[in-house]
Amino acid sequence: MTKMKADIGVYGLGTMGSALALNLAESGFQVAVTNRETDWIATFMQKAGPLAEQLTPANTLEEFVAALKTPRTILFMIPSGAPMDAMIDAVLPLLEKGDTIIDGGNADFHDTRRRFKRLADTGAHFVGMGVSGGEQGARHGPSMMVGGTAHSWQQLKPMAEAIAAKYNGAPCVAHLGPDGAGHFVKTVHNGIEYADMQMIAEVYGILRDGAGWEAPRIGALFEEWQNGPLESYLIEVSAAALQTMDADTGLPVVDMILDRAGQKGTGRWTLIEALKMGQSANTIEAAVGARGWSSEKPVREVAQTILTAGTVQSDVPDAAELEKALLAARILAHAQGFRILAAASEEFDWALDLARISEIWRAGCIIRSALLDDFAQAFRDELPMGHLILSPAIAAMLADAIPALRRVVMAGAGLGTPLPALSSALAWYDSMRHARGTANLIQAQRDFFGAHGFARTDQDGKFHADWPTLASEQA
Ligand code: 6PG
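In this text the structure is predicted, and so the values were computed from the model without any measurement. (Residues numbered from 1 in each chain as written. Predicted model: local features only at pLDDT ≥ 70, side-chain atom pairs only at ≥ 80, totals over all residues. Heavy atoms only, no water.)

Can you walk me through the packing of helix α12 (residues 266-276) against helix α13 (residues 282-295) in this structure?
Any two packed helices are characterised by how steeply their axes cross, that is the angle between the axes, and by the distance between the axes. One way to put it is that α12 packs onto α13 with a least axis distance of 9 Å and a crossing angle of 140°. Taken as axis vectors, α12 and α13 run oblique relative to one another. As for how α12 packs across α13, the hand of that crossing is left-handed. Contacts from G267, R268, T270 and L271 of α12 reach α13 at I284, E285 and V288. Residues that form the contact of α12 with α13 fall into these classes: three nonpolar, two polar and two charged. (Axes fitted to C-alpha atoms, helices over the stretch in contact; angles between N-to-C directions. Helix = DSSP H or I, 4+ residues; strand = E, 2+ residues; numbered from the N terminus. Parallel < 35°, antiparallel > 145°, perpendicular 65-115°, else oblique. Left-handed = near helix turned anticlockwise from the far one by under 90°. Contact = heavy atoms within 4.5 Å. Nonpolar A, V, L, I, M, F, W, Y, C, P; charged D, E, K, R; others polar.)

Written out as structure tokens, the structure reads:
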């Protein structure tokens, strides 16, 4: 029996590709599937069980492309970087005007912009789609951030909406802008993810090292927090991980895991792009930096024997304070992420809808949390100067939680427990609420040693002081 032409093709049957193909099949679509290593295809078809009926396996790229309805929609779930360019070289001769190919990996949005242009010259379309939610999300409902043409979105929309996570019935997927918009938003999502993970780990650190709590007790506390304003996927998984015991040793699994965290690059990209646009996201920087320091395990082992703590008497904050501190810091980290999105929207002329982005992050993605709904509402309401922290509702939440963040940061400093992300959040909050900062001295220093000039508070224009002469005259 010959099968109907497929609605979509999925190339790449690794963890995420397989899960998305099965999700599409389960949602009633016909899916052509293939993989570079063709022996994976049979294994995947077996795993598909009854869903195999919806799947058309293909052993060659030609067969795969021929199995698709036109205009074609092809989703590539392959490693980002050079493999994607090689894939485009291979598939392009087989495509026709109006076909769309989608890169669903964590690609650098600069590459996506370049590829988008390359395909546009051929009459085909390129979509950069950020997919969040890990394997479970991909299989049962991810959050997806789409960048590309309106034409591609028309093709993709019914399928993307069907497989996406739902928040009160609304699909967590949106067409966010052209070319690299989707991949950029996904990159910043990951930057916020890094900061949130780091902040949770810092709270764990203060309870473990300051209060001497065992992992399962900390996990149980996090589980309780799931009933409050911190409700989120990352607290949920942290709670579960901390309470999981190692079968071999009978100890908590987290106690058996080496304290060295890896990274694939999206957190770093968020920072690089932020800095290029004159933005600073110090909570994300702290998180990326902390992963770097975590890898310097041998140095830390030596340093522990050389560097004294010099702690000062401090009380360990109580659980309620830690909960509020984490809430304040989480709000501030998100606000920094949204500032980067706003800056990129300007820079690349994307007209990003920050309310919509908050909405599609409410379910399916790794940073999903109760707060995202508050953020969506804040962006929909009148937002002073476009800044999340200036929203009356968000500022009120901060007003309630900042004293706790202050106490926790003070305690961390006193106890000698490193809180790089939590303290960065507070430093940013305090910097932003000072109408008069200290950069007047920075300008004086720059002018003193480099004649860089400065602006005055009382007159327009650019000024330079002859500092040594002024100093000697006044001596
Ligand atoms: C997601 C995740 C996912 C992945 C990141 C983590 O949204 O589903 O962010 O994309 O977990 O690649 O990146 P690191 O390996 O850099 O932590």
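So what exactly am I meant to see when it comes to the environment of T311 here?
By secondary structure assignment, the location of T311 is in the loop between α14 (297-306) and α15 (319-348). Exposure remark for T311: the relative accessible area of 44% places this residue in the partly exposed category. Sequence spacing of T311 and G416 is 105 residues, and the spatial spacing of their C-alpha atoms is 5.6 Å. For T311, the residues in contact, after removing those within four places along its chain, are G414, L415 and G416. (Buried < 20%, exposed > 50% of the residue type's maximum accessible area, 1.4 Å probe, protein only.)

Help me understand the site of the ligand, please; the structure alone is not making it clear to me.
Near the ligand lie 14 residues; those nearest to it are S132, E193, Y194, K264 and R291. Between N190 and the ligand, the recorded distance is 3.0 Å, taken from a side-chain N or O atom to an oxygen atom. At a separation of 2.8 Å, an oxygen atom of the ligand approaches a polar side-chain atom of R291. Coverage of the ligand by the protein chains reaches 80% of its 410 Å² of free accessible surface. Structurally, the ligand is housed in the second largest pocket. Considering each element in turn, the shell around the ligand owes the most residues, five residues, to helix α8 (residues 181-210). For the shell around the ligand, the class distribution of residues is two nonpolar, eight polar and four charged. (Near = heavy atom within 4 Å. Polar contact = N/O pair within 3.5 Å; in protein donor to acceptor, adjacent residues only side chain to side chain. Areas by Shrake-Rupley, 256 points an atom, 1.4 Å probe, with all protein chains shown as cover. 1 Å grid on protein atoms, 1.4 Å probe; cavity = no way out; pocket = protein on both sides within 12 Å on 5 of 7 lines; lining within 4 Å. Sits in = over half its atoms within 2 Å of the grid points.)

Where do I start with the nonpolar core in this structure?
In globular proteins that are soluble, nonpolar side chains generally tend to be buried together. Formed by 88 residues in total, the largest nonpolar core has its most connected members in F222, F338, L341, W361, L405 and L422. Setting aside anything within four residues of it in sequence, one finds F222 in contact with I200, V203, Y204, I235, S238, A239 and L242. Among the nonpolar cores identified, the runner-up in size contains 35 residues, and L22, V31, A52 and I102 belong to it. (Core = buried A, V, L, I, M, F, W, Y, C linked by side-chain atoms within 4.5 Å.)

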